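# Structure assessment
Each chain, written out:
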Amino acid sequence: MEEEKIVWSDDYQLQWSDFKAATASGSGFVASTSSGIAYSYSYREVNGKKDIKVKVACNFYPQKSWYSKKDASVYILKHEQTHFDISELYKRIFKKRIDETQFSDDMKKELEALFYQTEDDRVEMQRKFDSESDHSKNKEKELEWEVYVAQQLVAYERWK
C-alpha cells in the first residue's frame with residue numbers, strides 16, 4: 001500500500017487535519033511536520049544523445065506528522081507550512097542542480113550523490129530554521145524566515 005502524501009502546491013496550505021500521526025507527548029513540541037523530496041528518473045539514448053528525464057516531488061506525509069490539539073494555533077500551523085515550503089525549495093534547488101550537471105555514463109551514482117548532497121542541505125536548513133526561530137517562539141526570527149523562504153521560492157520558480 002502506498003504511503004499517503006500531499007504534494008506541495010502553490011494553492012494548498014497545510015491544515016491541522018492533515019496531521020494524522022499520534023501526538024508525541026512529552027516531546028516539548030507543539031507539532032512535527034514530516035516532509036521531503038523524492039525523485040525517479042529514466043534514461044535512454046536517442047541517436048547517440050542522452051535523453052534523461054528526472055521527476056522530482058516534494059511531499060508532506062500525514063501519517064508521520066502530528067500536533068498537540070490543545071496548543072495548536074494558526075501561527076504554529078504557519079511554522080509547519082514553512083517547513084514544508086523549505087522542502088519545496090530544496091526540490092527546486094535539486095532540479096536546478098540536475099539542469100547544471102553534465103552526467104557521465106555513471107548517471108545513477110552521480111544523481112544519487114547530488115540528491116544526498118541536496119538532502120543534507122535541506123535537513124540543515126530545517127534545523128537552522130528551528131534553531132533560529134526557537135521552534136517558532138522567536139516571532140521576529142520566525143517572520144524573517146517566512147519572508148526569506150517565500151523569496152527563495154520565487155527565486156527558484158523556474159525549477160518548480
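Remember, predicted model here, so these are calculated numbers, not experimental data. (Residues numbered from 1 in each chain as written. Predicted model: local features only at pLDDT ≥ 70, side-chain atom pairs only at ≥ 80, totals over all residues. Heavy atoms only, no water.)

## Regarding the packing of aromatic side chains
- A full pass over the atoms with the stated rule returns twelve aromatic pairs.
- Plain terms: the ring middles of tyrosine 39 and phenylalanine 94 are 5.5 Å apart, the flat faces sit at 65° to each other, and that makes the pair edge-to-face. Within this pair, whereas tyrosine 39 is found in strand β3 (residues 35–46), its partner phenylalanine 94 is found in helix α1 (residues 74–99), the two being separated by 55 residues in sequence.
- On the accessibility criterion, tyrosine 39 (24% relative accessible area) is partly exposed.
- Considering the side-chain rings of tyrosine 39 and phenylalanine 115, the 5.0 Å spacing of their centres and the 45° angle between planes classify their relative orientation as tilted. Placement of the pair is tyrosine 39 in strand β3 and phenylalanine 115 in helix α2 (residues 107–132), with a sequence separation of 76 residues.
- Members of the aromatic cluster, each reached through a chain of ring pairs, are Trp16, Phe19, Phe60, Tyr67 and Phe84.
- Stacked on the ring of tryptophan 159, the Lys or Arg lysine 96 has its end atom at 5.7 Å from the ring centre. (Phe/Tyr/Trp six-rings, centres within 6.5 Å; stacked < 30°, edge-to-face > 60°. Helix = DSSP H or I, 4+ residues; strand = E, 2+ residues; numbered from the N terminus. Buried < 20%, exposed > 50% of the residue type's maximum accessible area, 1.4 Å probe, protein only. Lys NZ or Arg CZ within 6 Å of the ring centre and 35° of its normal.)

## Re the pattern of salt bridges
- In this structure the tally under the stated criterion is 14 salt bridges.
- For the salt bridge of glutamate 88 with arginine 92, the shortest nitrogen-to-oxygen distance reads 2.8 Å. Of the two residues, glutamate 88 and arginine 92 both sit in helix α1, four residues apart, roughly one turn of that helix. When sorted by exposure, glutamate 88 lands in the same class as arginine 92, which is buried.
- Glutamate 100 is the salt-bridge partner of lysine 96, the closest N and O atoms lying 2.7 Å from each other. (Salt bridge = Lys/Arg side-chain N within 4 Å of Asp/Glu carboxyl O.)

## Thoughts on the packing of α2 against helix α3 (residues 139–155)
- Orientation of α2 relative to α3, taken along the N-to-C sense of each, is 150°, at an axis distance of 9 Å. It follows from the interaxial angle that α2 and α3 lie roughly antiparallel. Contacts from Met125, Lys128, Phe129 and Glu132 of α2 reach α3 at Lys141, Glu142, Trp145 and Tyr148.
- Here the residues of the contact of α2 with α3 are counted per class, giving four nonpolar, no polar and four charged. (Axes fitted to C-alpha atoms, helices over the stretch in contact; angles between N-to-C directions. Parallel < 35°, antiparallel > 145°, perpendicular 65-115°, else oblique. Contact = heavy atoms within 4.5 Å. Nonpolar A, V, L, I, M, F, W, Y, C, P; charged D, E, K, R; others polar.)

## Focus: the pairing of β3
- Relative to strand β4 (residues 49–60), β3 runs antiparallel, the two sharing twelve bridges. Across the sheet, isoleucine 37 pairs through a bridge with cysteine 58, a residue of β4.
- Once β3 ends, the chain turns through two residues before running back antiparallel as β4, passing asparagine 47 with a positive phi of about 50°. (Pairing = 2+ DSSP bridges.)

## Some details on the pairing of β4
- Across two bridges, strand β1 (residues 6–7) lies against β4 in antiparallel orientation. Directly across from valine 7, in β4, lies its bridge partner asparagine 59.

## Some thoughts on the sheet that holds β4
- Ordered in space as β1-β4-β3, the three strands form an open sheet in which the pairing is antiparallel. The outermost strands of the open sheet, each flanked by one partner alone, are β1 and β3.
- Against the sheet, α1 makes contact with β1, β3 and β4, and its axis sits at roughly 175° relative to β4, the strand it touches most.
- Relative to β3, α2 is tilted by about 160°, and along the sheet it contacts β3 and β4.

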